[in-house]
Amino acid sequence: MGRYVARRLLQMIPVFIGTTLLIFLMVYALPGDPVRGLFGDKGGSPQVIAALRHQYGLDQPILVQYWDYMKGIILHADFGTQIGSGRPVTDVLGDAFPVTLRLGGFAFVIELVLGIGLGVFAGLRAGRAADTSVLMVTLLLISVPVFVLGFILKWIFADELQWLEPNVNDPTNYGELLMPAIVLATASLAYVSRLTRTSIAENMRADYVRTAIAKGLPRRRVVGVHLMRNSLIPVVTYLGTDIGALLGGAVVTEGIFNIQGIGGTIYQSIVRREGTTLVGLVTILVLVYLVASLLVDLLYAVLDPRIRYA
Amino acid sequence: MRGARSAKWVAMAAVVALGATACGGGDSDSKGDSKAAIDPNGTFTVESGEPQNPLQPANTMESYGSIVINSLFTGLVDYDESGKIVYMNAESIKTSDSKTWTVKLKSGWKFHDGTPVTAESYVKAWNWAANPDNKQTNSFWFSDIAGYDKVAPEKGKATATELSGLKVVDDNTFTIALTTAIPYYEYKLGYQAFSPLPDSFFKDPKAAGEKPVGNGPYEFVSWDHKKAITVKKYAGYKGSNAAKNGGVVFKNYSTPETAYEDLKSGNLDVTTQIAPKDLPVYKQDLGDRAIDQAYSAIQMITPAFYTKQWKDIDPKVLQGLSMAIDRDTITKTVLQGTREPATGWVAKGVLGYQPDVAGDVTKYNPTKAKELIKEGGGVPGNAITIQYNTDGGHKEWVEAVCNSITNATGVKCATDPKADFQADLDARDAKEVKSLYRSGWVLDYPVNANFLRDLYGTKSSGNQSGFSNKTIDADIAAADSATTLDDSVKKYQEVEKQLVNYMPSIPLWYYKVNAGYSEKVSGVKFGQDGDPILTGVQVKKK
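An unreviewed UniProt entry lists chain B under the name Peptide ABC transporter substrate-binding protein, with Streptomyces griseoruber given as the organism.

An unreviewed UniProt entry lists chain A under the name ABC transporter permease, with Streptomyces griseoruber as the source organism. The record in UniProt for chain A states the following under Subcellular location (unreviewed entry): "Cell membrane". What UniProt records for chain A under Sequence similarities (unreviewed entry) is the sentence "Belongs to the binding-protein-dependent transport system permease family."

This next bit is on the state of the cysteines. All names here are of chain B. Counted by the stated rule, this structure contains 1 disulfide over all chains. A sulfur-sulfur separation of 1.9 Å characterises the disulfide bridge that pairs Cys402 with Cys413. Across the disulfide from Cys402 to Cys413, rotation about the S-S bond amounts to roughly -60°, and the bridge is consequently left-handed. Of this pair, Cys402 sits in helix α13 (residues 395-409) while Cys413 sits in strand β15 (residues 412-418), placing them 11 residues apart in sequence.

All names here are of chain B. Each assigned domain of chain B is listed with its residue range as follows: domain 1 (52-215) and domain 2 (295-511). Computed over C-alpha atoms only, the centres of domain 1 and domain 2 are separated by 32 Å. With 13 residues of domain 1 at the interface, the matching set in domain 2 holds 16 residues. Between domain 1 and domain 2, the buried area comes to about 1,200 Å², and carbon and sulfur atoms account for 63% of it.

Residues and elements named next belong to chain B. Overall, antiparallel pairing links the 4 strands, which are arranged β4-β5-β7-β6 in an open sheet. The outermost strands of the open sheet, each flanked by one partner alone, are β4 (90-95) and β6 (166-170). Shown here is a sheet whose adjacent strand axes are inclined to one another by a mean of 20°, direction ignored. Each of β5 (100-105), β6 and β7 (173-177) touches helix α3 (residues 119-130); the most contacted strand, β6, lies at about 170° to it.

So, on to the interface of chain B and chain A. Contacts between chain B and chain A engage 56 residues on the former and 48 residues on the latter. Note on chain B versus chain A: buried area summed over both sides is about 4,500 Å², and carbon and sulfur give 52% of it. One can count 2 salt bridges joining chain B with chain A. If you look at where chain B meets chain A, you find 5 residue pairs in polar contact (both at pLDDT 80 or more). Breaking the side of chain B that touches chain A down by element, the ones donating at least two residues are α1 (10-16), α7 (205-210), β10 (247-252), α8 (256-264), α14 (421-429) and β16 (436-442) of chain B. Broken down by element, the residue count for the side of chain B that touches chain A peaks at 7 residues, all from α14 of chain B. Its residues assigned to classes, the side of chain B that touches chain A shows 19 nonpolar, 19 polar and 18 charged.

A few words now on helix α6 (residues 129-143) of chain A. For an α-helix, 3.6 residues make a turn, and residues three or four places apart therefore share a direction. Residue and element names in this part refer to chain A. Taking 1.5 Å per residue, 15 residues should reach 21 Å; α6 reaches 21 Å between its end C-alpha atoms and fits that length. Among all positions of α6, only Asp131, Val134 and Thr138 are buried. Along the axis of α6, the buried positions cluster into a sector of 65°, meaning they face one direction only. Summarising the geometry of α6, the exposed residues directed more than 90 degrees from the buried face are Ala129, Met136, Leu140 and Ser143. Where the residues of α6 are buried, they touch α5 (89-124) and α8 (174-204).

Scoring rules and cut-offs
Residues numbered from 1 in each chain as written. Chains lettered and ligands numbered in written order. Predicted model: local features only at pLDDT ≥ 70, side-chain atom pairs only at ≥ 80, totals over all residues. Heavy atoms only, no water. UniProt positions renumbered as here; feature names shortened; annotations may be inferred. Disulfide = S-S within 2.5 Å. Helix = DSSP H or I, 4+ residues; strand = E, 2+ residues; numbered from the N terminus. Domains from an automatic or database assignment. Contact = heavy atoms within 4.5 Å. Buried area = accessible area lost by both parts, 1.4 Å probe. Pairing = 2+ DSSP bridges. Axes fitted to C-alpha atoms, helices over the stretch in contact; angles between N-to-C directions. Salt bridge = Lys/Arg side-chain N within 4 Å of Asp/Glu carboxyl O. Polar contact = N/O pair within 3.5 Å; in protein donor to acceptor, adjacent residues only side chain to side chain. Nonpolar A, V, L, I, M, F, W, Y, C, P; charged D, E, K, R; others polar. Expected span 1.5 Å × (residues − 1). Buried < 20%, exposed > 50% of the residue type's maximum accessible area, 1.4 Å probe, protein only. Arc of directions from axis to C-beta.

Below you can see the structure in the form of structure tokens.
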């Protein structure tokens, strides 16, 4: 087990270098210059533009820039400096990350509890009316685009009923985060419940479940331990990759509810050609994905005793 | 800036788009609402966004930073609503030859940290900002001052660190020597880059950018990055525009839609823009709390004169194209009344603005348009493209303009979208525009020279089209060397009248502010730069 983890951790290194290099090259390939962009229509003094470009190393060849950048990250945990504001990227990350973590975490809990709950509920009643209605609800949730759902919820709960605030003014207030978290969770929630339902329905007919029932085990134990453990493997796989998506892909939801998180920061960095900020953000997301997938693989062994890592 | 209203992500993109600069909004006497009691210490919230740069006066160009800087700093002069100059920290600004200016300060002004505002505070601040080593985005504003070429030479190393044109006479007096005469120079001094800075700034400029100490009506309280900036009333303020409220919170909004929702639900007091989605309803929603007002900015399409197509074009062709654009209909329908058809090259509310200067050329007339294009030898290739950036909400109107031209004249017109403003600028800087491009201009100082000299002079910083005309250059030089301001403004008016014969760009429309405020506040007005006048806002007692 220890050797397996070590191997996986070592594998992360090339993946990490590859992704950051790719992103660095892509940002570099985009037309537009972040320093020139600071000046807009008015044009700026060429001396200042040259001085700024020099300060941020933009006058160096791309690979030298990449090398310096990686050196900074690895040796000093220094993710560089934002060109516009002159603030360290780590500060910018520090502003955005807690907000996104809270929102993403909240959405993840909703997705986990409701998704698996609905899936088990439907799976145990496969083919019956309850199953069909869950199917319909989840299909609906999958097919409605996020921003439509966001606007509908806002209109009902904020404009008409006035139960909730339309936007997030204080990102530490979970009451205000409720609506965006629900919106963010819905699509994944539907996938989770579909996956759980299929897996449960299939395993219900498996030999080991029949054996368990025949042994006279209580239904709660059959479902909760024998059935669930096996059925959750595909669900866990999906959940693992979804963590990254919840953290990085919340651009639309963040925009609708005016949450100043990672998604919006990524968007803004692309628009402003803030390569260093962008690479910093994505590097962290890459790390999140890598760690999540490692955890998922390790969870397999916990869930299914037949899986062993030597 | 507010020119870009309709795209979804406009608020963020807009920061970059057009690189709007904002000059100090004129102070205006707002009439208090008699119905509700006013709380002089009440605070209110304003829609804003994360400033792109540190809060250093000479380093702020975009509107999110400008609005904060303007509340924290008061420079020598400001402008009133008609564009007339008002002396703020300056007691007098005198010149006999428009080349050497003597500035006398009002005494007794203090920075928020208690240190006095002296002539030294100005001279040191300007020297610092002009030095390219300090990388201030507005440093070219000091290029009129003698000695700038030594501090920031185009090539080679700097031979001086201070502008030789700036001299401190005594605590409250300093002189500015310019390289050439500029009769309207004192108007330029209203720009925030000319703000004074306290001694503490130079000890740690970086920290000062995070926690600015100014001399304006408000003092800095906190900057919660990406969430809000808070300022409070400065009790020791000596200027005529002391705050009528206790303070302001600039709240971050990533889209105008969310800001509008917060305005309606009482979580925001002043919005600075209305999303296209809400434009049809905002006047009904807000009643007399809706704001619909022109400000001094203009939108144009500009031919790239370095291309084969426009190199030696007969201006008649461009006049024809201009007459093929149905400005009235497009502003009313596609732009939902957020713009006003332009009739010249200088925006409204600027000293020297003259209505209808372009005459028929900005009036829709398909028959005449066809004739003019024919007389001028036709559009080379009989096809044009208009380059624009898709992140600024320009798509709809560019298409409408194109359709209007094609329908009226039969000239084929295609749009040439660039993914974002940066890519658009890149193409313009590299002189790769294929035919025509969208351009905009927001006032820096309310004199018509700003809209003429800085855009159409052969060597002007804002001239990206390669337009060059000896007559215009000579007339601009003549207007700059006029002895008095009035004379200079008049000469620039003549320049504007002539532009119709050369068509350096096709003016389309002037911008309007579409905004609103909550029931909690009154006296909300917008200045010529399109920003709300914060000091005049009154907060009602709860």
